[in-house]
Amino acid sequence: GNSVTQMEGPVTLSEEAFLTINCTYTATGYPSLFWYVQYPGEGLQLLLKATKADDKGSNKGFEATYRKETTSFHLEKGSVQVSDSAVYFCALCSNYQLIWGAGTKLIIKP
Amino acid sequence: DSGVTQTPKHLITATGQRVTLRCSPRSGDLSVYWYQQSLDQGLQFLIQYYNGEERAKGNILERFSAQQFPDLHSELNLSSLELGDSALYFCASSATSDPSYNEQFFGPGTRLTVL
């Protein structure tokens, strides 16, 4: 069946470090892919998305590229800030429903 | 603020009871989605309604049911509650019925504790 696998957290980085959170997926066809972010005590917010192979989604300095050949959608940011501390979820859309990864908690230390 | 409201914020109840969670979507959004977030199972899609009709069904137990009313607000009913139903329940809304292309806007969630 369809599934999403994310790297386990927590991921702890210093401010201004480079961030990569890995996400790979298993699906039939070419699903749309998403990254959502959940700040403490809040609901999820869409961070970025890609709807077809080789698309690059970007927002707030974060980027992810839809890689069909490696079935991946890794999240990257060049220089993280303390305010980026949150839980990040990778998801795919299949059969009109979002299938979610387990989430990766990111902690940024000043 | 996403524009999606959920009530109540917290709910504490006993096993075997029944509760109703309420969601009001963003103004103009026709789709409502329900999700369950728990420590052991992560985030799971339960059900989607679009303009009053059931659109998609996920891992929703038979003890759970939902509906969307003519004013587009939605309710999730959980009955014969078990300890394992303790979780954060999110509602989300979007403008159209296809989640492939449209952003979902999430409410702040209802935290259910079953004792």
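Placed above this text is the structure.
Counting from 1, residues in each chain are numbered in the order their sequence is written. Written order determines the labels here, with chains lettered from A and ligands numbered from 1. At least 70 in pLDDT is required for a residue's local features to be given in this predicted model, at least 80 for side-chain atom pairs to be given and counted, and no such filter applies to totals for whole chains, interfaces and linings, which use all residues. Water and hydrogen atoms were dropped before computing side-chain values, which therefore reflect all heavy atoms in the structure.

Visitor: Mind showing me how you'd approach the pattern of salt bridges here?
Guide: Think of it this way: side chains of opposite charge can pair up when their charged atoms draw near. Criterion for a salt bridge: a side-chain nitrogen of Lys or Arg within 4 Å of a carboxyl oxygen of Asp or Glu. Applying the stated criterion across every chain yields a total of seven salt bridges over all chains. Lys56(A) serves as the salt-bridge partner of Glu63(A), at 3.6 Å between the closest nitrogen and oxygen. Judged by relative accessible area, Lys56(A) falls into the exposed class, the value being 52%. Glu75(B) is the partner of Arg22(B) in a salt bridge, and the nearest nitrogen-oxygen pair spans 4.0 Å. Residue Arg22(B) is located in strand S3 (residues 19-24), and its partner Glu75(B) is located in strand S8 (residues 74-78); the two are separated by 53 residues in the primary sequence. Residue Glu75(B) is classed as buried on the basis of its relative accessible area, which comes to 18%. Note on exposure labels: buried denotes an accessible area under 20% of the residue type's maximum, exposed denotes more than 50%, and partly exposed covers the range between, all computed with a 1.4 Å probe on protein chains only. In this text, helices come from DSSP runs of H or I with a minimum length of four residues, and strands from runs of E with a minimum of two, each type numbered from the N-terminal end.

Visitor: Which parts of the structure should I look at to understand the environment of His74(A)?
Guide: Residue and element names in this part refer to chain A. Secondary-structure assignment places His74 in the loop between strand S8 (62-65) and strand S9 (75-77). Taking the C-alpha atoms as reference, His74 lies 22 Å from Gly43; in sequence the two are 31 residues apart. Among all residues touching His74, those that are not within four sequence positions of it are Thr20, Ile21, Asn22, Cys23, Thr24, Trp35, Glu63, Ala64 and Thr65. There is a polar contact of 3.0 Å between the side chain of His74 and the backbone nitrogen of Cys23. Any two residues having at least one pair of non-hydrogen atoms within 4.5 Å are treated as being in contact. In the analysis that follows, any N or O atom pair within 3.5 Å is treated as a polar contact, provided that within protein one partner can donate a hydrogen and the other can accept it, and provided that, for residues neighboring in sequence, both atoms belong to side chains.

Visitor: Hey, could you run me through the state of the cysteines in this one?
Guide: Should the sulfur atoms of two cysteines be covalently bonded, the bond is a disulfide. Note that a disulfide, as used here, is simply two cysteine sulfur atoms within 2.5 Å. Applying the stated rule across the entire model yields two disulfides over all chains. The partner cysteine of Cys23(A) in its disulfide is Cys90(A), sulfur to sulfur 1.9 Å. Its S-S torsion of about -70 degrees marks the bond between Cys23(A) and Cys90(A) as left-handed, since a negative value means left-handed. Here Cys90(A) lies in strand S10 (residues 86-94) and Cys23(A) lies in strand S4 (residues 23-26), a separation of 67 residues in the sequence. The residues Cys23(A) and Cys90(A) share a single accessibility class, namely buried. Disulfide pairing is shown between Cys23(B) and Cys91(B); the S-S distance is 1.8 Å. Between Cys23(B) and Cys91(B), the S-S torsion sits near -50 degrees, and that sign places the bridge as left-handed. Here Cys91(B) lies in strand S9 (residues 87-94) and Cys23(B) lies in strand S3, a separation of 68 residues in the sequence. Residue classification places Cys23(B) among the buried residues on the basis of a relative accessible area of 0%. Taking the relative accessible area as the measure of exposure, Cys91(B) reaches 0% and is therefore buried.

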